[in-house]
Amino acid sequence: MGPFFCKTLLIISFLCFISFSFSLSTVSISETSNLTLICALVPSLGPPHPSSLNCSTFPTPGIQTPFNSNDSFSGIVSGDGFLCGLRPSFSSPNISVMHCWRFFSNGTTREFKRIYRGPALNQLEAADYHICGLNETNTLECWQWPEFNQTKDQNFSTMAVGEGFVCGLSETGTISCLGNVAGITGQEPRGNYSVIAAGFRHACAISLHNDLECWGNMVAGEKPQGKFNALALGQNRSCALRTNGTVVCWGQNNFSLPQELERHSFITIKAKRNVFCGVLTFNYSLFCWGNANFNSMPMVFSEVLPGPCRNICACGSVPGSGLFCSNGGSICQACNMPFPPIMPALPTAPSPQPHNRSTSSDLNGRMVAFLVVGCVGSFSFLLVIGFFVFRYCKGGGCRVHDSGRLDENGTPANGVSNQPQTPQAPLAPAVLEKRLSQLTSLGTTGRLEEFSWEALIQATNNFSEDHKIGTGSFGSVYHAKLDDGREVAIKRAEITSTSSYAVGTKRQEDKDNAFVNELEYLSRLHHKNVVRLLGFCEDFNERVLVYEYMNNGTLHDHLHKFQNSTFMSWDIRLRIALDAARGIEYLHEYAVPPIIHRDIKSSNILVDANWTAKVSDLGLSLMGPGDDESHLSLHVAGTVGYMDPEYYRLQQLTSKSDVYSFGVVLLELLSGYRAIHLNENGVPRNVVDFVIPYILKDEIHRVLDPRVPPPTPFEIEAVAYVGYLAADCIRAEGRDRPSMTDVINGLEKALAAFFRSTTEAKFV
């Protein structure tokens, strides 16, 4: 067999299992100026969780992470002062969620927030404040790193993250680096490699023949000779794992492995700046070295997971690892190294092996046959995975959620470390998952804060009735005060419970749609007359929105419930109407795309501490028709008494349907009657049918709210003008109704006439 063919076959074989050899890390290291956090996934006692998270801080303990120790993680990663955990989504087994949490050297912490929700990641690496990962299609995605998010088409079979740069291996094993770091980018060694690692300002790679190659501006110490299969690089120091499992270290100030660890065999090694850790082959204990914190007690954890659990291992499993994994999974061993026996590795330290390369002639026929079979099997498996990933992404499931830098816009943690009991709720339906995927992939939620379920539970006393202040389009609303002193309104979705599965599913879908609508619309709207959305929570199958708190309640309460309301004057009522009209006009004319509210009513007009009115509850809202369409055709939704009869009759929605509903609100303001109320005989009556005839006969004074002092002869003109405006808004055909811009102009004229009349009265 020719040398070229054998060499080519060897390269292809390595490429077949490169995708299987790298994996998510089960050990992470994070450093600040004087604090080190070591975290690891440790085996649990049994189902339902195959592993749990355990963390220790050095030199002194005390910082607790907000992660629940019972949560199941597929991988963890750390950078400068932060920890991130990747875990399965509650709503879909094919979706992974990454939450990150930040801590500081003075002991203060910030609550974690979600920065990713999407297809499962095969690799996750971090350096300083940056995080990068490879998804199932080997596409590079980075978070907290805007400039690298522009490289959407970059694909690596494996990658490493350094201080300001990312290096990766192509499908053929060649190295390329991204970022403008002297000595790194543009200086990549030529050839084909199977392993790559990045340090602070240097990088190393292992060739297909297990030889070591390093480059960069800050490489210190003499590179060791021998054969290697894993690397851990820090700041001006490095360690490498030999093919026999022993570790060798080199670097600045004669950095070396502690003597007591030299003869031990390791499965994997990890590094971050000055700290290095490794998992022993013998008993899976975690030892760390590199600074004085570990001189007297190098063992951090007595037993950790040596790697993530997987269902398929191309090159065999770590012996006994099936005990740590559920559903028949196991921990994969490296493809380019025979796994050492599980026993203490205490022979004399091996001498460095000579630096020579194997030739292609060493391959015999049996090895070639083995490689071909392995390659074909691995390639077939990748094709199957790729097909399902393509189907998933084509359906809108691929998405990235980047909420900004981890050291910005944080909220002090409350110190509680245990998650509350997860409510028993049905999984989100596929339509909800798809819409959430599309929403976050567009980045529209990036400016919102993601609140932890734990914080909301605490702020509302487990959503007690004492905190409940009303209901919205998809659930109940609660008043709460957060740990940082902010007063907020929390709207929590209510899970439908009904004996009819079909009816229950339909109602739940309606509420899910309302949740996504409001999250989508309010996340991109900003107007002083539209209630501001602060953030959301979508963990544990809970769907919660958090808003600014409106201290003075709803217009409905002031008109129909409060006995002593500030709204008992005509000028204040006109101001409230004008504020609300401006909010609706913003939705119709300035939102992109335009929005039809569909549920304008007095209870959806809120008043803040400065008596500014704002439109709320966009749960039933819809994007308006396109430029070439006159209406939307859909099933009717809204509130009886405020609903546009034309919309109800023809099921054709336009912005003029909101105008009709606002006309009903104007009639409420003028008359003090509810939209649907009882007449003198106890029979339900519509405010439109009762008040409009008096307005058209110029007798509006007969139906004005008796609780408000009658308008003076100088003010009645302005009040009557508002009555005529309301009559125009509720015309039978939408084309005859004014636009919200016309309504605003009319209210501004009425308010100006009101004050002009008041001023003139003072001089009479």
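The model shown is predicted, which means the values in this text are computed figures rather than measured ones. The numbers attached to residues start from 1 for each chain and follow its sequence in the written order. Local features in this predicted model are restricted to residues whose pLDDT is 70 or higher, and side-chain atom pairs enter the listing and the counts only when it is 80 or higher, whereas totals over whole chains, interfaces and linings include all residues. As a rule here, side-chain values come from all non-hydrogen atoms in the structure, and water together with hydrogens is ignored.

### Describing the overall build of the chain
Inference 1: Where helices and strands are cited, they refer to DSSP runs of H or I of at least four residues and of E of at least two residues respectively, numbered from the N terminus. A tally of regular secondary structure across the chain gives 12 helices and 39 strands.
Inference 2: Relative accessibility under 20% of the residue-type maximum defines a buried residue, over 50% an exposed one, and the middle range a partly exposed one, all with a 1.4 Å probe and only protein chains included. In the chain, which comprises 764 residues, the proportion classed as buried is 55%.
Inference 3: Using a 1.4 Å probe, the Shrake-Rupley method yields the accessible areas, and only the shown protein chains count as cover for residues. Carbon and sulfur atoms form 52% of the exposed surface of the chain, whose accessible area is close to 33,600 Å².

### Side note on the nonpolar core
Considering soluble globular proteins, one finds that nonpolar side chains tend to be buried as a cluster.
Inference 1: Phe662, Leu666 and Leu747 are the most contacted members of the largest nonpolar core, which totals 55 residues.
Inference 2: Residue assignment for this core shows that the elements contributing at least two residues are helix 6 (555-560), helix 7 (570-590), strand 33 (605-607), strand 34 (613-615), helix 9 (655-671), helix 10 (687-696), helix 11 (716-729) and helix 12 (740-762).
Inference 3: The contact criterion used throughout is that any non-hydrogen atoms of two residues lie within 4.5 Å. Sequence-distant contacts of Leu666, defined by excluding residues within four places in its chain, comprise Ala577, Val722, Leu725, Ala726 and Leu747.
Inference 4: Within the second largest apolar cluster, 33 residues are counted, among which are Ile38, Leu41, Val42 and Phe103. For this analysis, a nonpolar core means a set of buried residues of the types Ala, Val, Leu, Ile, Met, Phe, Trp, Tyr and Cys, connected via side-chain atoms within 4.5 Å.

### Section: the packing of aromatic side chains
Inference 1: Planes of paired rings set the category: under 30 degrees apart is stacked, over 60 is edge-to-face and the rest tilted, where pairs are Phe, Tyr or Trp rings (Trp by its six-membered ring) whose centres lie within 6.5 Å. In total, this model carries 10 aromatic pairs according to the counting rule given.
Inference 2: Relative to Phe463, the ring of Trp453 lies with its centre 5.4 Å away and its plane at 25 degrees, an arrangement referred to as stacked. One end of the pair, Trp453, is in helix 4 (residues 453-459); the other, Phe463, is in the loop between helix 4 and strand 27 (468-471), and 10 residues separate them in sequence. The two residues Trp453 and Phe463 agree in class, both being buried.
Inference 3: Geometrically, a lysine NZ or arginine CZ counts as sitting over a ring once it is within 6 Å of the ring centre and also within 35 degrees of the ring normal. Over the ring of Phe463 we find Arg492; its NZ or CZ atom is 4.5 Å from the centre of that ring.
Inference 4: Positioned over the ring face of Trp570 is Arg573, at 5.8 Å from the centre of the ring.

### Describing the pairing of strand 1 (residues 27-31)
Inference 1: Most of strand 1 sits inside the fold, with 5 of its 5 residues counted as buried.
Inference 2: Side chains of strand 1 alternate between two faces, with Val27, Ile29 and Glu31 and Ser28 and Ser30 buried alike.
Inference 3: Between any two strands, pairing holds if DSSP finds at least two bridges. In this structure, strand 1 lies alongside strand 2 (residues 36-43), joined through 5 bridges in antiparallel fashion. For Ile29, the partnering residue across the bridge sits in strand 2 and is Ile38.

### Quick look at the environment of Tyr648
Inference 1: Inspection of the secondary structure puts Tyr648 in helix 8 (residues 645-650).
Inference 2: The sequence separation of Tyr648 and Gly638 amounts to 10 residues, and the corresponding C-alpha distance is 9.5 Å.

### Thoughts on the packing of helix 7 against helix 9
Inference 1: Contact pair helix 7 / helix 9: the axes reach a minimum separation of 11 Å and the direction vectors enclose 170 degrees. In this view, helix 7 runs roughly antiparallel relative to helix 9, as classed from their interaxial angle. Residues Trp570, Arg573, Ala577, Ala580, Ala581, Ile584 and His588 of helix 7 form the contact with helix 9, whose own contacting residues are Ser655, Asp658, Phe662, Leu666, Glu668, Leu669 and Leu670.
Inference 2: Considered class by class, the residues forming the contact of helix 7 with helix 9 number 9 nonpolar, 2 polar and 3 charged. Orientation is described by axes fitted as lines to C-alpha atoms, over the contacting stretch for helices, and by angles from 0 to 180 degrees between their N-to-C directions. Here is the rule for angles: anything less than 35 degrees is roughly parallel, anything more than 145 is roughly antiparallel, 65 through 115 is roughly perpendicular, and the remaining ranges are oblique. Three classes are used: nonpolar for Ala, Val, Leu, Ile, Met, Phe, Trp, Tyr, Cys and Pro, charged for Asp, Glu, Lys and Arg, and polar for all others, with Gly counted as polar.

### Thoughts on helix 9
Along an α-helix, residues three or four apart share an orientation, since each turn contains 3.6 residues.
Inference 1: Expected helix span is given by 1.5 Å per residue-to-residue step, counting one fewer step than there are residues. The end-to-end C-alpha separation of helix 9 is 25 Å, in line with the 24 Å expected for 17 residues at 1.5 Å each.
Inference 2: The buried count for helix 9 comes to 16 of 17 residues, which makes it a mostly enclosed element.
Inference 3: One or two residues past the end of helix 9 sits Gly672, with phi positive at roughly 80 degrees.

### Observations concerning the state of the cysteines
Inference 1: We call a pair of cysteine sulfur atoms a disulfide whenever their separation is within 2.5 Å. Evaluation of the coordinates by the stated rule reveals 7 disulfides.
Inference 2: Across the disulfide from Cys277 sits Cys288; the S-S distance is 2.0 Å. Around the S-S axis, the bridge from Cys277 to Cys288 shows a dihedral of about 100 degrees and counts as right-handed. In this pair, Cys277 is assigned in strand 21 (residues 275-280) and Cys288 in strand 22 (residues 286-289), connecting sequence segments 11 residues apart. Assigned by exposure class, Cys277 and Cys288 land together as buried.

### Some words on the UniProt feature "binding site: ATP" (unreviewed entry) in the chain
Inference 1: UniProt positions are given in the numbering used here, feature names are shortened, and annotations may be inferred rather than shown by experiment. Feature annotation in UniProt places "binding site: ATP" (unreviewed entry) on Lys491, given in this structure's numbering.
Inference 2: Note on placement: Lys491 falls in strand 29 (residues 487-493).
Inference 3: There is a polar contact of 3.5 Å between the side chain of Lys491 and the side chain of Tyr547. Two N or O atoms form a polar contact when they lie within 3.5 Å of each other; inside protein one atom must be a possible hydrogen donor and the other a possible acceptor, and for residues adjacent in sequence the pair counts only when both atoms belong to side chains.

### Some points on the sheet that holds strand 11 (residues 158-161)
Inference 1: Strand order in the open sheet made by the 3 strands is 11-12-13, with antiparallel pairing throughout. A single partner strand is all that each edge strand has here, and the edge strands are strand 11 and strand 13 (175-178). This sheet shows a mean twist of 20 degrees between the axes of neighbouring strands, independent of strand direction.
Inference 2: Here strand 11 runs beside strand 12 (residues 166-169); their pairing, made up of 4 bridges, is antiparallel.

### Quick look at the side chain of His588
Inference 1: Note that His588 resides in helix 7.
Inference 2: Residue class for His588 comes out buried when judged on its relative accessible area of 10%.

### Some points on the pattern of salt bridges
Inference 1: The working definition used for a salt bridge is a side-chain nitrogen of Lys or Arg within 4 Å of a carboxyl oxygen of Asp or Glu. Under the criterion given, the structure shown has 18 salt bridges.
Inference 2: The residue Lys491 makes a salt bridge to Asp617 at a minimum N-O spacing of 3.2 Å. With a gap of 126 residues between them, Lys491 in strand 29 and Asp617 in the loop between strand 34 and strand 35 (622-623) connect regions that are remote in the sequence. Each member of the pair, Lys491 as well as Asp617, carries the same accessibility label: buried.
Inference 3: Between Arg735 and Glu733 there is a salt bridge, with its nearest N and O atoms 2.8 Å apart.
Inference 4: Accessibility expressed as a relative area gives 71% for Arg735, which makes it exposed.
Inference 5: Ionic contacts of the salt-bridge type, sharing partners, join the residues Asp80, Glu163 and Arg273 into one network.

### Here we look at the pairing of strand 2
Inference 1: Counting buried positions along strand 2 gives 8 out of 8 residues, so the element sits mostly inside the fold.
Inference 2: Side chains Thr36, Ile38, Ala40 and Val42 project from strand 2 onto one buried face, and the interleaved Leu37, Cys39, Leu41 and Pro43 project onto a second face that is buried too.
Inference 3: Summarising the sheet, strand 2 and strand 3 (residues 51-58) pair through 8 bridges and their orientation is antiparallel. Bridge pairing in strand 3 links Leu37 to Thr57.

### Notes on the environment of Phe228
Inference 1: Secondary-structure assignment places Phe228 in strand 17 (residues 228-233).
Inference 2: For Phe228, a relative accessible area of 0% puts it in the buried group.
Inference 3: Distance from Phe228 to Val247, taken between C-alpha atoms, is 9.2 Å for residues 19 residues apart in sequence.
Inference 4: Non-local contacts of Phe228, meaning those with residues more than four positions away in its chain, are made with Ile206, Asn210, Leu212, Ala240, Leu241, Arg242, Thr243 and Val248.

### With respect to unusual backbone geometry
Inference 1: The residue after Phe58, namely Pro59, is reached through a cis peptide bond having omega 5 degrees.
Inference 2: One non-glycine residue, Asn254, lies in the positive phi region at around 55 degrees.
Inference 3: Its location among the elements puts Asn254 in the loop between strand 19 (247-251) and strand 20 (266-272).
Inference 4: Positive phi outside glycine occurs at Asp698, with the angle close to 60 degrees.

### Overview of the packing of helix 9 against helix 11
Inference 1: At a minimum axis separation of 8 Å, helix 9 and helix 11 run at an interaxial angle of 150 degrees. With respect to helix 11, the element helix 9 is oriented roughly antiparallel. Like other packed secondary-structure pairs, helix 9 and helix 11 cross with a definite hand, here left-handed. Every residue of helix 11 that contacts helix 9 at Val659, Tyr660, Gly663, Leu666, Leu667 and Leu670 is listed here: Val719, Val722, Gly723, Leu725, Ala726 and Cys729.
Inference 2: Across the contact of helix 9 with helix 11, the residue classes tally to 10 nonpolar, 2 polar and no charged. Crossing handedness follows the turn of the near helix against the far one: under a right angle anticlockwise gives a left-handed crossing, and clockwise gives a right-handed one.

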